[in-house]
There are 2 protein chains.
Amino acid sequence: MRVELLCTGDELVTGLITDTNSPWFEARLFELGVKVERILLVGDVRPDITHALLEVASRADVVLVSGGLGPTSDDFTLECAAAAAGVPLVEHPQVVEWLRARYAKLTIPLTPAVFRMARVPQGAEVVQNPMGSAPMVLLRLGRCQLFFVPGVPREYRALAEGEVLPRIRAALERDPERVYRAFRLLRTVGIPESQLDAKVSGLVARHPRVVFGFRTHAPENHLKLMATAPTQAEADSALAAAEAASREVLGTAIFGADDEEYAPALAKLLTRTGGTLSTAESCTGGLIAQQLTAVSGASNFFIGGAVTYSEKMKMAWAGVSPELLARHTAVSRETAIAMAEGVRVAVGTTHGISVTGYAGPTGGTAEDPVGTVYCALASEGRSTVCGRYSISGDRDRVRLFAASYALELLRQRLLAEPSSP
Amino acid sequence: MRVELLCTGDELVTGLITDTNSPWFEARLFELGVKVERILLVGDVRPDITHALLEVASRADVVLVSGGLGPTSDDFTLECAAAAAGVPLVEHPQVVEWLRARYAKLTIPLTPAVFRMARVPQGAEVVQNPMGSAPMVLLRLGRCQLFFVPGVPREYRALAEGEVLPRIRAALERDPERVYRAFRLLRTVGIPESQLDAKVSGLVARHPRVVFGFRTHAPENHLKLMATAPTQAEADSALAAAEAASREVLGTAIFGADDEEYAPALAKLLTRTGGTLSTAESCTGGLIAQQLTAVSGASNFFIGGAVTYSEKMKMAWAGVSPELLARHTAVSRETAIAMAEGVRVAVGTTHGISVTGYAGPTGGTAEDPVGTVYCALASEGRSTVCGRYSISGDRDRVRLFAASYALELLRQRLLAEPSSP
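Because the structure is a prediction, the values reported are computed rather than measured.

A. Focus on the nonpolar core. With 128 residues, the main nonpolar core has Ala402(A) and Ala402(B) as its most contacted residues. What Ala402(B) contacts, discounting residues up to four positions off in sequence, is Cys283(B), Thr284(B), Val355(B), Gly357(B), Val373(B), Cys375(B), Tyr389(B) and Ile391(B). Counting residues in each nonpolar core, the second largest holds 106 residues, with Leu5(A), Phe25(A), Ala83(A) and Val62(B) among its members.

B. The arrangement of the interface of chain B and chain A in detail. Listed per partner, the contact involves 62 residues of chain B and 59 residues of chain A. Of all the secondary-structure elements, those providing two or more residues to the side of chain B that touches chain A are helix H1 (10-13), helix H2 (21-31), strand E2 (38-42), helix H10 (287-293), strand E14 (302-308), helix H11 (311-318) and helix H14 (395-415) of chain B. Broken down by element, the residue count for the side of chain B that touches chain A peaks at seven residues, all from E14(B). Broken down by class, the residue content of the side of chain B that touches chain A amounts to 30 nonpolar, 22 polar and 10 charged.

C. Inspection of unusual backbone geometry at higher detail. Residues and elements named next belong to chain B. Across the junction of Ala218 and Pro219, the peptide omega takes the value 5°, indicating a cis bond. On the secondary structure map, Pro219 appears in the loop between strand E10 (210-217) and strand E11 (220-229). In this model, Gly360 is joined to Pro361 through a cis peptide bond whose omega is 0°. Mapping Pro361 onto the fold places it in the loop between strand E15 (351-357) and strand E16 (372-379). One non-glycine residue, Asp258, lies in the positive phi region at around 55°. Looking at the element boundaries, Asp258 is found in the loop between strand E12 (254-257) and helix H9 (262-273). By the C-beta count within 10 Å, which is 9 here, Asp258 ends up exposed.

D. Looking closely at the domain arrangement of chain A. Split by domain assignment, chain A resolves into domain 1 (3-174), domain 2 (180-257) and domain 3 (262-415). The gap between the C-alpha centroids of domain 2 of chain A and domain 3 of chain A is 31 Å.

E. Structural context of the sheet that holds strand E13 (residues 277-281) of chain A. Ordered by their spatial adjacency, 10 strands build an open sheet running E17(A)-E16(A)-E15(A)-E13(A)-E14(A)-E14(B)-E13(B)-E15(B)-E16(B)-E17(B), and the pairing between neighbours is mixed. Looking at strand neighbours, the two that pair on one side only are strand E17 (385-390) of chain A together with strand E17 (385-390) of chain B, the edges of this open sheet. Each strand axis lies, on average, 10° off the axis of its neighbour in the sheet, ignoring direction. Here E13(A) pairs with strand E14 (residues 302-308) of chain A via five bridges, running parallel. In the strand pairing of E14(A), Ala280(A) is matched with Ala306(A). Along the sheet, helix H13 (residues 333-347) of chain A makes contact with E13, E14, strand E15 (351-357), strand E16 (372-379) and E17 of chain A, crossing E15(A) at roughly 145°.

Rules of the game
- Sequence order as written defines residue numbering, which begins from 1 separately in each chain.
- Labels are handed out in written order, letters beginning with A for the chains and numbers beginning with 1 for the ligands.
- pLDDT decides what is reported in this predicted model: residues at 70 or higher carry local features, side-chain atom pairs at 80 or more are listed and counted, and totals for whole chains, interfaces and linings draw on all residues regardless.
- Joining buried Ala, Val, Leu, Ile, Met, Phe, Trp, Tyr and Cys residues through C-beta atoms within 7 Å gives a set, and that set is a nonpolar core.
- Field definition: a residue is buried when 20 or more other C-beta atoms are found within 10 Å of its C-beta, exposed when 12 or fewer are, and partly exposed for counts in between, with C-beta atoms placed from the backbone.
- Any pair of residues counts as being in contact when their C-beta atoms, constructed from backbone geometry, are within 7 Å of one another.
- The helix count covers DSSP runs of H or I at least four residues long, the strand count covers runs of E at least two residues long, and both are numbered beginning at the N terminus.
- Asp, Glu, Lys and Arg are counted as charged, while Ala, Val, Leu, Ile, Met, Phe, Trp, Tyr, Cys and Pro are counted as nonpolar; the rest, among them Gly, fall into the polar class.
- Note that the domain bounds were set by an automatic or database domain assignment.
- Here, any two strands with at least 2 DSSP bridges between them count as paired.
- The angle between two axes is taken between their N-to-C directions and runs from 0 to 180 degrees, where each axis is a line fitted to C-alpha atoms and a helix contributes only its stretch in contact.

Pasting the structure below:
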């Protein structure tokens, strides 16, 4: 089944609003095994909309058209649909009745403009809108089924969910060529996209039913597995095999699957091992603490974080000695280690994480230019580890990756630890 | 000038990501008086991309094509462009050189896959990507100029801003039918969108050449003024009048204009008054420190931030007494005040900011339910102020608004202070 989406409205082509309806609907369809072929956004220009309707109807089996069904003068999608179908616009008595009932209930004056919403292409079918005034309209153009719904997100979603998806589902069940899909998103951190691709490229040929896709979501890279098969059971089993093979190749670079985000995954690990955590941040300036405390229940493991943005506070809160700072400077392996060990002891936690570096755009030295970051991890009864990283990009990017590298020191250590009893 | 956008990528047609690049670019073009005609999103299917390229090139003068320029096997936009143009893909020696230099600097292994990014349609022009590996590619198809850029937002924006828009601007300057526009974005904080609308609605009739638009960007609300006129001078003067009237109505709720963001604006004020700052955060967990230190040069005024996520650390780092905590609990006006005053003294700064509250989803008391936040500001030689706020929404939203309310205490105090000599 070939499905396209057509969204109309000047606000969509002038940057005033972002189309969030389409991604929502695409995801719902994808779960049914249907990949939307195209999404087309056009402004409020009559010939452009008419032309777009004819164009999408010439290719697709099903088109969801949104926007331009309201009562104002810039709402003329159905007028364009009538032009495309070569039929007149007619007032639909059922819609008139719905509008009268709705406006009486809302005690809003029923102006003549309201009845613009009752004018539909001759021969079109109408469905009541549970969330608003403008009805959903169904129209066939050649062999294509068009669904017209309002662009207002809650009306769009109510009608797409309650009326459009059930009709598509029913059609799919009658389709002898129906395909079934299964998905898995594997979230990785610490390997660049090109290396991720290189690592899994050897698997592709052995999993012909699975598409391997990549997505960068800095500092993470995600591997998307999509299996397609003639039955759901075959799709599921093809996916499971590809997932197992990918996990074997990627190992602990995978921190979560599907909706599982980084900070909650790390929080779960910390909770499982019964550990507590403190942080001493210089160039990341609280970013690590903020990411961890965004997780509900963070107070169970996160006890305190010091943003030591001056030498004075590195001494006061993270116990770094003035001599060490004087000898090695604030951005050095020695200072990172002292910060991690110092904050761990000061706060009294199982683990202490630190970051110090040059986030830029100014600063840095010949040996440690802008983008150089030292991250350290101190843990009770374990030797302290410290990494030096060279991060390219602007201040935001250096901070983002620095936070990620620091947290990775902890995650990799926790993965190697036994669970607490 | 007819401009269209073509975005490629399975993630855009399967609901995995929302296309935020296009609205950003549309808005930038609209400021130049150009309304984008169509935005087309297609999945990673070779014939679909090739067909889409031929289709957009047959109608538009300029097309910005994004996505599919990376090193992985699902990146084949340029292959489709070559097919559409009827030319072979060739390795571009200049791009090879850029890639070698970049990978050497990043010390990432230069795998053969990397050089996929150097293969461009024969005859295409290339421009170096300041933010990533894949270059921008320029290609003509008939009378249409196509610009190919990566879909990664920071690379897309850097190239669209630095390379595409200047070329479009130059072409527009040669167009005799051009209309002139002038814009101002007034950024406010602390007033809900409906109140912002009510405050400026009286101005609309007196400024017929100016469109007043509103945009919510939590915790901020922005007022967008757009003047249109037959000459640039008339557009500028209509805009200036509307801006002056809006500023009079909105006062200090406006913290910045156009690209001026909140933290840099506050940083400027702090620098102007010669003040330094420390923070003690509980429920915001480092969010305030992170926002402030995202500003380059923050070390001039930001000295230290304590994320006191436990009673113990509220005592140790912010000097809150155990008796006060026992009597008033950690979430109280008294604790917020003690945290702000305590951290200010401990760090030795002009100002000290604190936040304590219930970010949810669990916690809270009958008097102070989830969403209740206390923010305090202590300043040298001034009496400490403290506000209690009830914030609706989820954990992220409570934290975001709590940080904003706390910083607003400081900004409003600084606005009332004289500049340092």
